[in-house]
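Chain residues, written in single-letter form:
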Amino acid sequence: CERLGSKCRYFFIYSLFSLTSLTLLKLTTSQNLGSGGWSPLDTDRYPWLQVDLGSKKQVLAIATQGCYSSSDWTTKYRLLYSDTQKNWRPYLQDGNIWTFEGNVNSEGVVRHELQYAILARYIRFIPVDWSRAGRVGVRLELYGCSYWADVIGFDGHGVISYRFRSKKLKIVKDVIALKFRTTAGNGVLLHGEGQQGDYISLELHRARLLLSINLGSNQNGSIQGDTAVTSGSLLDDDHWHSVVIERYRRNVNFTLDRHTQQFRTNGEFDHLDLDYEISFGGLPVSVKPTSGGKENFVGCMEGITYNGENITSLVRRKKVDTTSFRNLTFSCSESNTSPVFFNSTSFLRLPGQTDSDTLSVSLSFRTWNPNGLLMFTALADGWVELGLTEGKITVYMNVTQKKNTRIDISSSSGLNDGQWHSVHLNALENYAMLTVDGDEASTVRTAIPIQIQTGGTYYFGGYFLQTNPRSHQRSFQGCMQMIHIDDHLVDLKAVEQGLIGTFENVSLDMCAIIDRCVPNYCEHSGRCSQTWDAFTCNCSGTGYTGATCHTSLYQQSCEEYKHQGKSSGSYWIDPDGSGSITPFRVHCDMTEDVVWTTLRNDLSPQTSVSSADKGNAVILVSVSCVQMLSVTSSAEYCEQYVAYACRMSRLCLVRPPDGVPFTWWLGRANEKHSYWGGSGPGIQKCACGIEHNCTDSKHYCNCDADLRACPASYLHYPSLRDETSTDISFYFKTSSTHGVFLEILGSTSFLHIELRADSVVLFSFGIGTEKMELSVRSPVPLNNDQWHRVEAEKNIKEAVLQLNGQHRMVRPTTLQGHAKPELYSDLYVGASSGQRGFLGCMRALKINGVTFDLEEWAKGTSGVNPGCQGHCNSYRMHCRNGGKCVEHYNGYSCDCSLTAYDGPFCTDDVGGYFETGTLVRYDLLPEGGPFALRDMKSLSGVGVSSEANLTQEELVFSFSTYSAPSILVYISSRTQDYLAVVLRHNGTLQIRYSLGGLTEPYTIDVDHRNMANGQPHSVNITRNLREIRLQLDHYPVSTYTLPEASDTQFTLVKSIFLGKVFETGQIDPILIERYNTPGFMGCLSRVQFNSVAPLKAALRSSIAAPVSTHGILVPSNCGASPLTISPMASARDPWHIEGAGAVFNLNEDKFSGDGVDRNSAVIGGIISMVIFSVLCIMVFVIRHMFRHKGSYHTNEAKGAESADCADAAIIVNDPAFTETIDESKKEWFI
C-alpha cells in the first residue's frame, strides 16, 4: 500500500474548501511533518478539513500531528467519507459514530489503523475537541491502496443476462460477489431459476437484503426447499455495500458489509439446478409473468462476479446481453437529494413568505424515535406545529383570534421504522390538508375557522427560543431531505455557506442513522426495538429475562425444584441455563427420594404411524432430540415406554430368507431396534413368539396374523458376468413415487438404480467403501402411468445417466479398483434386502447389449406377473366422483380426500341435517392472508386452492328442505365480492354474484318450480370469467353471462358458509334481512367448492381442516339417490370393504371378452348375491378373529459402558431371555 498523505501549510478564512494537491510524506514519530499545519479561524463555528484523493481509494489508516511549533492540536476528531462531496457517511465502529483520540501536543504523531477499509475519494476531518491552550490544528496523513472496479449504472429498465455455456447448470458450489449503491428501498439484484423449481434470488425489500434460495422441493410436499434469510437494513442510504454469497451444498455463508450469517438451506438436495441464465439488476423477461411484480434495481453495481466470472468486465467487453438497457453507462449518477442530520440539540431555521394566506411545507424524514418535532412556524396570530407523536404524523394549529382555538390533525402510524417517509402540509383559504407518503387517497382534510397569515420563519427539527416556549414536542433526532417551503426546494448548500437561514448542531449532506437492532443482540428470539440512542429487548414468551434475554426463568432440572420445596407436578426446565436449548415442559415426580423426570408426548392416545416411504420415524414426544438428550445425558437411569397397537399392519419381523423387518423403533442414539416388549435385541420375536402363544403359530407376533403378505417381489438372475464397462437400459411405468428398479450385487461391489420422490432417478455404484452417485430430475412426475426410458452407463473414465433421452448427467469415474471387476454378480430386478420394491411395469431390459426376457422369467416367480396390467387399469371397477385410484401390491384403493364423497369407491354421500340456526364455516383465506395458504396445503384430506383470487370456480351441492327463505351456501371474501345461493320466500332458487363493478349483485332467478318441497335437489354452478353455467337436477344446462361492467375476478376468497352467515365486515343487507333469519333447516350433502369439501371436513373429525360448526349438525345422506356401480362377475367381485380407503385384493386373471346372454346374466346376478352374503359373513368372522391389538412395550436402559452396542447393553441388564441370540438375526438397517 502507498501513502495517500496530505498536509496544509495555509490558514483559511472559510472552512469550506477542497484540497486537491497531495504531497506524499513519510511519517515517523521522530520526524516532524514540516512547518505549518491546518488551523481554522476562531470565528468558524463548525470547522472541517476535506481531502480530495483524486479518485476512489482504499483508506486503511490515519496519522495526525499538531501544527508545527504551536499550541494548536486536535485531541478528538471524527471522519466522514464520500464519493461525490455529497451525502457524507461517518466512520462507524462498534455500531456507533466513532470518535478518534488525537494529539496531546503539537509534535507527537498518533496513528490509528482503521477497523475496516474506507472506500472513498473524499475524506473529511471533523475536529471534536482541541487544545485548551490554543485552538484547532492538525497535520495529517492517510495510508491506503489504489482501488479500481468497473461500475455499471442501472436505471430500473436494464438487466444484465449472463447466459450459461450449457442450457442447464447443476451446481454444488457457488461464489457470488457484488457491491451496490442505491437510494431505492426495493429492487432485484440477481435472480436465477430452473424449470425444476430451483432458484436463487437476491433483492432489496424495504431497504433490507433478502436472499431466497431453493435447491429443490418434491411435488408431494414432504420436502420443502424454500429458504429465505434477511440481512442488514437502511441499505437505501446511497452508500456502497458489499455482498458475498458462498454456498457449498446446503451450507451458505451470506456476508453483507463484514457481517456474515451462516445457515443451511431447507430440504434434502445439494445441487442448484439453473436453466439458461442468471440475471443481475432485475428479472429476465422470461420469468416476469410468474414473479409477482418485483421491481428492477435502480442504482449502481460494481465488482460483480459469478463463480469466477467477472460479469462487469464482460459487460464492458460486450460479452453478455445488455439489450434491455436504454442507455448503458459505466458510472454512478449523483443523487439529487441532500440529507440533513439532527441530534437532540439541533435545529434548522429557514425563511419563507410573510403574510401569505397559504402555508405549504413538505419534507421527507427517517427516524427511530416515536416522538419529535419536524417543523414549527409562528403565524401572524397563532402557530403551527408538525410533529411525530407515537409514530403518527400530527399537526397542531393554534389560532389565537378564536380564543386559542386548537385544531389537531393526525395521519398514518408506525412511521418511526427507520424508513424514509414523506409528509406534505398545505393550508389555504379555510381548510388544511395533510398527505403522508404521497398517498392522495388517504389525505386528511379539516376546516380552519379563519384565514391564516404566515409569519415567514420556519424551524425544522427543534425550537429552542426560551422567550417563547410554545412547542412542547421533543426535538427531532433523525434525518430530513427534500425540504420544501412555499413549494420551493430549500438550497441546503446555500444554508451551509450562510447565505440563507441559520442552523445549530446540524450535519448537512449526511444521514448518520444507525440500526441498533441489526445484528440483533437480543438472545433466544427476543424482539428488538430501538430509539435513536439505544435498543431494548422484549423477552416475553421466550422463557428468558434480562437486558438481552440472556438469563433463563426456569430451573435446570426437577431436582432443583425439589430443593426449593416444590411438590410433584408439571414444570418448565432449562437444562443448559442460558445456552441454546430452549426451555420445555416435563413432569416431575418427587414422591420418592429419587426425583423422576418424565417426558410425555402431546399427541392423541393412539397416533397413526406412517409407512417408511413417508418418513422412517414418528416423533412421539413434544420436545426435540437435543432437548431430550440434555435430560437423558445427565440422568442416572433412563427408560422409555412405547406401545404399538396394530390392526391390518404387519411387523414382518421375520421374512425368509433372512429378510429385514419392516417395522422398527429408534433409540436415543438414532439406532434402529426391531425387538418389542418381552423380547430382546436380535431375537426378532415378540413376547407371544417366545412364549409360543401367538394367535397364528406361523408367526412370531400377533400383528403378523394378517391376510396380506409383506411386499417385496423381485426377479433374480444369478451369475451375471461383470465387465469393465456396463451399460443398462430399460423402460418403466408406475404410479408409485419410490421403488428400486434393479440391483447388481457382488461380494465387494454394487450397482443400484431406483426411483425417488416421483421425479428423480438415482444411479449409484461402488466398490468397497467408496461410492458414486448420479441423479437426474424430470420436470414432470414419473409416476404418471406412462412409459419412461432409463439409460445408465459406467466405464473407466465416466458414468452417465440419461432419462427419456433428454435429461442427462455425466460425472468422471474416480473409484479405486474400478478397472478390476469381479467375475460374477447377482442381478435383482426389483428390490432385495428389504428395500422399497418397485411397483409397476418394466420392459426391454438390456444389459451390455443382452436383452433379458422378463415376461418368461416372471412366469415362475411369486409376486411378479407377465404382461403389464395394473389393478387401476385392468378392472372395470373405477373410483368415482373425482376419487383417485391408488395402486397396491395386491389390489387398489380409492383416495377420496379431495372429493365430497366417502366410501371404498368414493360413492357414499357425505351430508348433514341442519337444525334451525346451525351453520358450518370453512376458512379458505386465514387471517394471515394469501401467504397463509401455504401452511394450509399440508392439511390431510383437505383440498385448498392456492389461489386467493378466482376467475373460475365450480360449486356443487345437494339439498332437501321444507323451509324458506334461507341461505344454502354463501362464499365471502375480504373485499365486498361474494357468491350466494338462497331460497326465496316462495321456495324458488336464486343465485347472487357480486364481483364488483356493479351497483347491485347480478342475480339468477329460477322461477319455474318450488324447490322447498322436501325432495332432494342437486345444484351445479360453474363460472369461467363472465360465463355462468347452471344445472339443476335433471334439467338441461342453462347459460348466463355477467354484464360487461362486472369484474371477472373473485377477489381474496375468504370463507364458505353453509346454512347461515355469521361474518364480520360489510355484508349485503338483503341477504341478512331477507334470508339469514332464522336460518336453513334441512339437509345439505355433496358440498364441494372447487377442490374443497367443507361439509365433509366438518363431519369427519379425522380430517384436519380450518372448519368450525355452530349449532346441531347430524350426519345424513339427505335422501339423495345413491350413485351405483355397474355389476361385476362374481369371480371378479373384490368384496373386502371395511370403510373408506379400503384396499381391494384382486386376483390377476384377465377379463374374458366373450359375451353372455340375458339368462346367464340373471343367473350370475343370483350367484353374486349368494356369494356376497357368504362373503359378508366371512368378513365379520375374519375381523373378529384378527382384532388382536398387540401392545408392545420397550425399555431402553443404560449400560453401553460395559457392552459393545445398545442392544447388548439391554441383554446384559436383563438375563431373563429364553432364546439364544443368533448373530445372523440381529437387526438390519433399512
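All figures in this text were calculated on a predicted structure; none of them were measured in a lab.

In this structure, what is going on with the overall build of the protein chain? I would like to understand it.
What the protein chain contains, in helices and strands, is 12 helices and 75 strands. Residues classed as buried in the protein chain amount to 47% of the 1230 residues present. Carbon and sulfur atoms form 50% of the exposed surface of the protein chain, whose accessible area is close to 59,400 Å².

Help me understand the sheet that holds strand E52 (residues 798–803), please; the structure alone is not making it clear to me.
The pairing of strands in a sheet happens through backbone hydrogen bonds and is either parallel or antiparallel. Read from one edge of the open sheet, six strands run E53-E52-E51-E46-E55-E56, paired in antiparallel fashion. Only two strands of the sheet have a single neighbouring strand rather than two, namely strand E53 (807–812) and strand E56 (850–851).

Is there a simple way to think about the packing of aromatic side chains in this case?
In this description, an aromatic ring pair is defined by two values, namely the gap between the centres and the angle between the planes. Scanning all chains against the criterion turns up 33 aromatic pairs. Taking 5.9 Å as the distance between ring centres and 25° as the angle between the ring planes, the aromatic pair formed by Tyr554 and Trp572 counts as stacked. Note that Tyr554 is positioned in the loop between strand E39 (551–552) and helix H3 (558–563) and Trp572 in strand E40 (residues 569–573), a separation of 18 residues in sequence. On the basis of relative accessible area, Trp572 is assigned to the partly exposed category, the value being 32%. Taken together, a centroid distance of 5.2 Å and an interplanar angle of 55° make the contact between Phe730 and Phe741 tilted. Pair noted here: Phe730 is in strand E46 (residues 726–734) and Phe741 is in strand E47 (residues 739–745), with a separation of 11 residues, a long-range link. Take Phe730: its relative accessible area is 0%, and that puts it in the buried class.

Even after reading the chapter, I still don't get the pattern of salt bridges, so can you show me in this structure?
Between side chains of opposite charge, pairing is possible as soon as their charged atoms come close. Scanning the entire structure with this criterion turns up 36 salt bridges. A salt bridge links Arg789 to Glu791; the nearest nitrogen and oxygen atoms lie 3.5 Å apart. Judged by relative accessible area, Arg789 falls into the partly exposed class, the value being 23%. Beyond isolated ion pairs, a larger network of salt bridges with shared partners links Lys56, Asp83, Arg181, Asp238 and Glu302.

Teacher, can you tell me more about the nonpolar core here?
Considering soluble globular proteins, one finds that nonpolar side chains tend to be buried as a cluster. Core analysis: the largest hydrophobic core is formed by 44 residues, its most contacted members being Phe957 and Leu989. Excluding residues within four positions of it along the chain, Leu989 makes contact with Leu968, Val981, Val982, Leu983, Arg984, Ile1004, Asp1005, Val1006, Met1011, Val1019 and Leu1032.

Would you take a moment to explain the state of the cysteines for this structure?
A covalent bond between the sulfur atoms of two cysteines is referred to as a disulfide. Evaluation of the coordinates by the stated rule reveals seven disulfides. With its sulfur 1.9 Å from that of its partner, Cys558 forms a disulfide with Cys588. Sign of the S-S torsion, about -70° for the bond between Cys558 and Cys588, identifies this disulfide as left-handed. Placement of the pair is Cys558 in helix H3 and Cys588 in strand E41 (residues 584–589), with a sequence separation of 30 residues.

Teacher, can you tell me more about the sheet that holds strand E42 (residues 596–598) here?
Across the sheet, which stays open at both edges, the three strands sit in the order E40-E41-E42 with antiparallel pairing between neighbours. Sheet topology places E40 and E42 at the edges, where each strand pairs with a single neighbour. Strand-to-strand twist of the sheet, defined as the mean angle between neighbouring strand axes without regard to direction, takes the value 40°. Pairing of E40 with E41, which is carried by five bridges, proceeds in the antiparallel orientation. Its bridge partner being in E41, Gly569 is matched across the sheet by Cys588.

Is there a simple way to think about a nonpolar patch on the surface in this case?
The grouping of Tyr913, Met1081, Ile1112 and Val1114 at the surface amounts to a nonpolar patch, some 330 Å² of accessible area in total. Inspection of the secondary structure puts Ile1112 in the loop between strand E73 (1107–1110) and strand E74 (1113–1115). With a relative accessible area of 51%, Ile1112 lands in the exposed category.

Looking at this structure, how should I read helix H4 (residues 625–632)?
What H4 keeps buried is the set Gln627, Ser630, Val631 and Thr632. Buried residues along H4 sit against E40, E41 and E42.

Just checking my understanding: could you explain the confidence of the model for the protein chain for this structure?
Low pLDDT marks regions whose predicted coordinates should not be analysed in detail. The predicted model of the protein chain averages 79 in pLDDT, with 77% of residues at 70 or higher. Predicted confidence for residues 1–34 stays below pLDDT 50, and this span has 100 contacts to residues more than four positions away or in other chains. Considering only residues more than four positions removed or in separate chains, one finds that residues 928–946, a stretch of pLDDT under 50, has 40 contacts.

Help me understand unusual backbone geometry in this model?
Glycine aside, the phi torsion of most residues is negative, and most peptide linkages are trans. A cis geometry characterises the amide bond from Val518 onward to Pro519, with omega recorded as 0°. Among the structural elements, Pro519 can be located in the loop between strand E35 (502–508) and strand E36 (527–530). Unusually for a residue other than glycine, Gln85 sits at a positive phi of about 65°. Locating Gln85 in the fold gives a position in the loop between strand E3 (74–82) and strand E4 (89–90). Classification of Gln85 as partly exposed rests on a relative accessible area of 31%. With phi around 50°, Asp257 is a residue other than glycine that occupies positive phi space. Counting through the fold element by element, Asp257 comes out in the loop between strand E18 (251–256) and strand E19 (259–264).

Help me understand the side chain of Ser972 in this model?
By secondary structure assignment, the location of Ser972 is in strand E64 (residues 966–973). Here the side chain of Ser972 touches Glu1063 through a polar contact of 2.9 Å, side chain to side chain. Residues contacting Ser972, with those up to four places away along its chain left out, are Asp977, Phe1050, Leu1052, Val1053, Lys1054, Ser1055, Phe1057 and Glu1063.

Where do I start with the pairing of E64 in this structure?
Across a regular strand the side chains alternate sides, sitting on one face of the sheet and then on the other. Most of E64 is tucked away: eight of the eight residues are buried. For E64 and strand E65 (residues 978–983), the ladder comprises five bridges, and the chain directions are antiparallel. Across the sheet, the residue bridging to Tyr970 is Ala980, located in E65. Between the end of E64 and the start of E65, which pair antiparallel, lie four residues. Sheet analysis places E64 next to strand E71 (residues 1053–1058), joined by four bridges and oriented antiparallel.

Before we go on, may I ask you to explain the side chain of Asn87 in this structure?
Looking at where Asn87 falls in the secondary structure, it is placed in the loop between E3 and E4. Excluding anything up to four places from it in sequence, Asn87 contacts Tyr81, Ser82, Asp237, Asp238, His239, Pro339 and Asp509.

Mind showing me how you'd approach the environment of Thr999 here?
Counting through the fold element by element, Thr999 comes out in the loop between strand E66 (989–994) and strand E67 (1002–1006). It is 9.7 Å that separates the C-alpha atoms of Thr999 and Ala1045, two residues lying 46 residues apart in sequence.

Sorry, what's going on with the environment of Thr551 here?
Within the element layout of this structure, Thr551 appears in strand E39. In this structure, Thr551 is in contact with Gly543, Tyr544 and Thr545, ignoring residues within four places of it in sequence.

I tried to follow the pairing of strand E20 (residues 272–280) on my own but got confused; where do I start?
Counting buried positions along E20 yields eight of nine residues, so the element is predominantly enclosed. Pairing of strand E11 (residues 160–171) with E20, which is carried by eight bridges, proceeds in the antiparallel orientation. Looking at E20, one finds that Ser161 is bridged to Ser279. Direction of pairing for strand E13 (residues 187–193) relative to E20: antiparallel, over a ladder of two bridges. Directly across from Leu190, in E20, lies its bridge partner Phe280.

Looking at this structure, how should I read the environment of Leu256?
With respect to the helices, strands and loops of the structure, Leu256 is situated in strand E18. On the basis of relative accessibility, which here comes to 5%, the residue Leu256 falls in the buried class. C-alpha of Leu256 to C-alpha of Lys179: the two residues are 77 residues apart in sequence and 9.5 Å apart in space. Residues contacting Leu256, with those up to four places away along its chain left out, are Leu209, Ser231, Gly232, Leu235, His241, Ser242 and Val243.

Here is what the cut-offs are and how they apply
- Residues numbered from 1 in each chain as written.
- Predicted model: local features only at pLDDT ≥ 70, side-chain atom pairs only at ≥ 80, totals over all residues.
- Heavy atoms only, no water.
- Helix = DSSP H or I, 4+ residues; strand = E, 2+ residues; numbered from the N terminus.
- Buried < 20%, exposed > 50% of the residue type's maximum accessible area, 1.4 Å probe, protein only.
- Areas by Shrake-Rupley, 256 points an atom, 1.4 Å probe, with all protein chains shown as cover.
- Pairing = 2+ DSSP bridges.
- Phe/Tyr/Trp six-rings, centres within 6.5 Å; stacked < 30°, edge-to-face > 60°.
- Salt bridge = Lys/Arg side-chain N within 4 Å of Asp/Glu carboxyl O.
- Core = buried A, V, L, I, M, F, W, Y, C linked by side-chain atoms within 4.5 Å.
- Contact = heavy atoms within 4.5 Å.
- Disulfide = S-S within 2.5 Å.
- Axes fitted to C-alpha atoms, helices over the stretch in contact; angles between N-to-C directions.
- Patch = residues over 30% accessible without salt bridge, like charges linked within 9 Å, V, L, I, M, F, W, Y side chains within 5 Å.
- pLDDT = per-residue confidence, 0-100.
- Polar contact = N/O pair within 3.5 Å; in protein donor to acceptor, adjacent residues only side chain to side chain.

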